[in-house]
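Spelled out, the chains give:
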Amino acid sequence: MVKENMKSIKIKAHNLNVHYGEKQALFDVSMYMEEKQVTALIGPSGCGKSTFIRCLNRMNDVIDICKVQGKIEIDGNDIYAPDMQVEQLRERVGMVFQKPNPFPKSIFENVAYGPRIHGIAEHKSDLEEIVVNSLKKAALFDEVKDRLNDAGTGLSGGQQQRLCIARAISVNPDIILMDEPCSALDPIATARIEELMGELKTEYTIIIVTHSMQQAARVSSRTGFFHLGKLVEVDKTETIFSNPSDQRTQDYITGRFG
Amino acid sequence: MTDRIEQRINSLNKRLNSEKRFRIYCIGAMSFALAWVLILFLNIFSSGYSAFYRTVIQVDVPFLNLIEDTTQFSEMSSEDINNLSMYSFSKKAIYRLFPDIEEKKDKKMLIRLFSIEFEQEIREFLKSNKSNINETETIYLTASDDVDQVNKGNYPRDLDEDKRRIKDIQLLFFDDLVDRGLVSYEFNLPFLMRGDSREPELAGVGGSIVGSLFTILVVLILSFPIGIFAAIYLEEFAPKNKVTDFIEININNLAAVPSIVFGLLGLGIILNTFGLPRSTPLVGGIVLSLMTLPTIIIATRASLRAVPPSIREGALAVGATKMQAVMHHVVPVAMPGALTGTIIGLAQALGETAPLLLIGMVAFVVDVPQTPLDASASLPVQVYLWSESAERGYVEKTSATIMMLLGFLILMNLAAVLIRRKFETKW
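Source: prediction; values computed, not measured. (Residues numbered from 1 in each chain as written. Chains lettered and ligands numbered in written order. Predicted model: local features only at pLDDT ≥ 70, side-chain atom pairs only at ≥ 80, totals over all residues.)

Moving on to the overall build of chain B. A tally of helices and strands in chain B yields 17 helices and 3 strands. Here chain B has a C-alpha radius of gyration of 31 Å; the compact-globule value for 427 residues is 22 Å, and the former is much larger. Expressed as lengths along the three principal axes of its C-alpha atoms, the size of chain B is roughly 100 × 70 × 40 Å. Taking all 427 residues of chain B together, the buried fraction comes to 36%. Look at the contacts in chain B between residues 6 or more apart in sequence, and 78% of them connect residues 24 or more apart. (Helix = DSSP H or I, 4+ residues; strand = E, 2+ residues; numbered from the N terminus. Rg over C-alpha atoms; globule rule 2.2 N^0.38 Å. Buried ≥ 20, exposed ≤ 12 C-beta atoms within 10 Å, placed from the backbone. Contact = placed C-beta atoms within 7 Å.)

Shown next as structure tokens:
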């Protein structure tokens, strides 16, 4: 119990309300996420879990009609503060999307793009090192080391998703957001990504949105359950799956709705 | 039970029959459209192909009569040769074809078998071969339009003489020249190189080709960057509100505005208010740019919209600015589509006539333009000009010009298809 409390809090959301035009998508969501842990967000479709995760790197800014109220702090800094530069934020908070979305460029260019625009690599050799390391961390390097100049879009779905993970970690973020990263993948590719998450959490704070409760149970230490835009319950994963305190959570994880 | 099966079979047969009929209608519609295209092409080709060769008549020119020693020509400058009086000398060279003719009237008829510029043609021959002129040189002189058309079989010889432009005695001369093997065809290079002329046999499309190319160049330089930037702004950066909706509607409306209205705008504003030179490819290009812009903007926006949003998100998520996401990832993918739209817009501009009439590109221009600031015709306007002329020679030249115009259009559309095929992103 004492050990649990030692973990520092990386992200803190406080009374988060999100509207898409007239429609409210999130209601007063408050939760925290621990550093170098995997936090899973589960819930039925349309419950707001993707909306929530997209607030963490302000990807919702792209949507004109989306209004975010409330506060999100990363390491104690409000990311919606007026002096926060969204590009800098996204350098620290990487994201992997539901559908693999490699750029229609070579594998090398896919990974090199982030470091290049941020000016991280000064020399070409530095850039190569970053690309190789990122691909290695994403457990993709061995499969593609002979064809780094081939198109990233020519890889298989699972490989593409790992390429996107390599792209996300190429700029050395603190946090990686994963929005249903395995929903377009087969079970074997899914298993590889889950295995990879286990390795990545030693270095990165990972937030994953998933439809699969088994996946949440396998990879995460804490789990939040969303329903109709509200955060119903958030707790340690074992607690959520064995002894939830809310009836709706109980109903969802036992398959009565969702 | 069997009743029900029979009923089903009947209804199925009905549906299959109606599908058969539908297919026949479709094939019929397609054949009808194709037939018209075929008729159009056949008609234009059959009346236009003869403009690509021309009739020349072989004449022996005794240069010794002009000068005591033909080697002296090599020492003369082009200007000296221009100053030589050659008119009666040239005429005498032609009279030598029929030395027996005495009457002045008949001699005049003989001269009229040739294009009006026979003297000039002999002078040009002299200029380009001045170091190597023999006592007598054989020169191929351009036949007059009437002779050309008779030789090509386009002219009815069996009309009464007073209804013909070519007279009986001229036909006698001509037939005799044919018998002596002095009449021949050659490839009509001057047609492709020269500007317009009042003499059908001397008129060429060179001026209008160059004029059209200059015009298209101006259109490309103006409308490609403006169109692409406008499309990128509207599609990627502009807030979606009433103002941008209004702009969008108006761009679509602009694409539907009759082209002659743009001509009036060019006349009123570009010529009269800004005072740019009339009849020039520069002004034509500016007016056609106004017409081409909506096409380019609409095509570019469509191809930008077709780029999956996930690509933008991927770039933004690694911390790219919006401009970086757009310029590095979205625009390269959308470029083939934008280029295709541009080429199609240019092809439209190439074939446009009405606005050019209003800004004075309908002028009769003899010289091939050297810059976009010279007065010039363009291919479609040339078609319009020649189609109004009475002389037979212009009929085949009108069709030949249409052939060239269609050729350019087909080439441009082909380029559009090839660019799309080659650079299309494979997902």
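Regarding its fold elements, chain A presents 11 helices and 10 strands. In terms of overall size, chain A behaves like a compact globule, its C-alpha atoms giving a radius of gyration of 18 Å where 258 residues would be expected to give roughly 18 Å. With respect to the three principal axes, the spread of C-alpha positions in chain A is 55 × 45 × 40 Å. Taken across its 258 residues, chain A has 43% of its residues classed as buried.

Here the focus is the pairing of strand S3 (residues 38-42) of chain A. Residues and elements named next belong to chain A. S3 sits mainly inside the fold: 5 of its 5 residues count as buried. In S3, alternate side chains face the same way, and those of Val38, Ala40 and Ile42 on one face and Thr39 and Leu41 on the other are all buried. Sheet topology places S3 next to strand S8 (residues 205-209); 4 bridges connect them, and they run parallel. Bridged to Val38 within S8 is Ile206. Alignment of S3 against strand S9 (residues 222-227), held across 4 bridges, turns out to be parallel. When the sheet's bridge partners are listed, Ala40 is paired in S9 with Thr223. (Pairing = 2+ DSSP bridges.)

The subject of this paragraph is the domain arrangement of chain B. Reports of interface size often rely on the accessible area that becomes lost once the parts have come together. All names here are of chain B. When cut into domains, chain B gives domain 1 (52-187) and domain 2 (206-423). Between domain 1 and domain 2, the C-alpha centre-to-centre distance is 46 Å. If you look at the interface, domain 1 gives 6 residues, while domain 2 gives 5 residues. Of the residues assigned to the side of domain 1 that touches domain 2, the class counts are 2 nonpolar, 2 polar and 2 charged. (Domains from an automatic or database assignment. Nonpolar A, V, L, I, M, F, W, Y, C, P; charged D, E, K, R; others polar.)

All names here are of chain A. Two elements in contact, helix H4 (residues 107-118) and helix H5 (residues 124-137), have axes whose closest approach is 9 Å; the angle formed by their N-to-C orientations is 115°. Viewed along their axes, H4 and H5 form a crossing whose handedness is right-handed. Between H4, through Phe108, Val111, Ala112, Pro115 and Arg116, and H5, the contact on the second element is made entirely by Leu127, Ile130, Val131, Ser134 and Leu135. Among the residues forming the contact of H4 with H5, the class breakdown is 8 nonpolar, 1 polar and 1 charged. (Axes fitted to C-alpha atoms, helices over the stretch in contact; angles between N-to-C directions. Left-handed = near helix turned anticlockwise from the far one by under 90°.)

Take the interface of chain B and chain A next. In this complex, chain B contributes 18 residues to the contact, which on the side of chain A involves 22 residues. Here the element with the most residues in the side of chain B that touches chain A is helix H13 (residues 309-317) of chain B; it accounts for 6 residues. Of the residues belonging to the side of chain B that touches chain A, the class tally is 8 nonpolar, 7 polar and 3 charged.

Moving on to the nonpolar core. Grouped together as the largest cluster of nonpolar side chains are 128 residues, with contacts concentrated most on Ile176(A), Leu177(A), Ile206(A) and Ile207(A). If we ignore the near neighbours within four places in the chain, the residues touching Ile206(A) are Val38(A), Ile176(A), Met178(A), Met197(A), Leu200(A) and Lys201(A). If you look at the next biggest cluster of nonpolar residues, it comprises 25 residues, including Leu113(B), Ile139(B), Leu141(B) and Phe174(B). (Core = buried A, V, L, I, M, F, W, Y, C linked by C-beta atoms within 7 Å.)

As a further point, take the sheet that holds strand S1 (residues 53-62) of chain B. All names here are of chain B. Ordered by their spatial adjacency, 3 strands build an open sheet running S2-S1-S3, and the pairing between neighbours is antiparallel. Looking at the sheet topology across the chains shown, the edges are occupied by strand S2 (136-142) and strand S3 (183-187). Recorded for the sheet is a direction-independent mean angle of 45° between the axes of neighbouring strands. Across 7 bridges, the pairing between S1 and S2 is antiparallel.

Okay, the pairing of strand S7 (residues 175-179) of chain A next. Working note: regular strand, side chains alternate between the two faces of the sheet. Residue and element names in this part refer to chain A. Of all the 5 residues making up S7, 5 are buried; the element is thus mostly covered by neighbouring parts of the structure. Strand direction decides the pairing type here: S7 and S8, joined by 5 bridges, are parallel. Along S8, the bridge assignment pairs Leu177 with Ile207. With helix H8 (residues 187-200) bridging S7 and the parallel S8, this β-α-β connection has right-handed handedness. (Right-handed = clockwise from strand over helix to strand, strands pointing away.)

Across chain A, the average pLDDT comes to 90, with 97% of residues at or above 70. Within chain A, helix H1 (residues 2-6) of chain A has the poorest average pLDDT of any element, 49, and S8(A) the best, 95. (pLDDT = per-residue confidence, 0-100.)

Moving on: helix H6 (residues 145-152) of chain B. Residues and elements named next belong to chain B. With 7 of 8 residues buried, H6 lies mostly within the body of the structure. By the burial criterion, the buried members of H6 are Asp145, Asp146, Val147, Asp148, Gln149, Val150 and Asn151. Buried residues in H6 make contact with S1, helix H7 (168-179), S3 and helix H17 (392-423). Gly153 lies just past H6 and shows a positive phi near 80°.

Right, let's talk about the environment of Tyr32(A) for a bit. Residues and elements named next belong to chain A. Mapping Tyr32 onto the fold places it in strand S2 (residues 23-34). Residue classification places Tyr32 among the partly exposed positions, given that 14 C-beta atoms sit within 10 Å. Between the alpha carbons of Tyr32 and Asn60 there is a distance of 20 Å; along the sequence they are 28 residues apart. If we ignore the near neighbours within four places in the chain, the residues touching Tyr32 are Ile9, Ile11 and Lys12.

As a further point, take the environment of Val287(B). With respect to the secondary-structure elements, Val287(B) resides in helix H12 (residues 281-305). With residues near it in sequence (within four places) discarded, Val287(B) still touches Phe262(B), Gly263(B), Gly266(B), Ile270(B), Pro355(B) and Ile359(B).

Moving on to helix H1 (residues 2-48) of chain B. For H1(B), spanning 47 residues, the distance from its first C-alpha to its last is 68 Å, which sits close to the expected 69 Å at 1.5 Å a residue. Taking burial as the measure, the 47 residues of H1(B) include 1 buried ones, a minor fraction of the element. (Expected span 1.5 Å × (residues − 1).)

Trans peptide bonds make up most of the peptide bonds, and negative phi angles are found at most residues other than glycine. All names here are of chain A. With phi around 45°, Asn15 is a residue other than glycine that occupies positive phi space. Here Asn15 lies in strand S1 (residues 9-20). Unusually for a residue other than glycine, Arg58 sits at a positive phi of about 55°. The topology assignment puts Arg58 in the loop between helix H2 (49-55) and strand S4 (66-74).

Now for the environment of Ala377(B). Structurally, the position occupied by Ala377(B) is in the loop between helix H15 (354-358) and helix H16 (379-387). Among all residues touching Ala377(B), those that are not within four sequence positions of it are Asp196(B), Gly207(B), Ser208(B), Gly211(B), Met361(B), Ala363(B), Val365(B), Gln382(B) and Leu385(B).

Detailed reading of the predicted model is not advised wherever pLDDT is low. Mean pLDDT over chain B works out to 91, with 99% of the residues at or above the 70 mark. Both confidence scores are given for the complex: pTM 0.84, ipTM 0.90.

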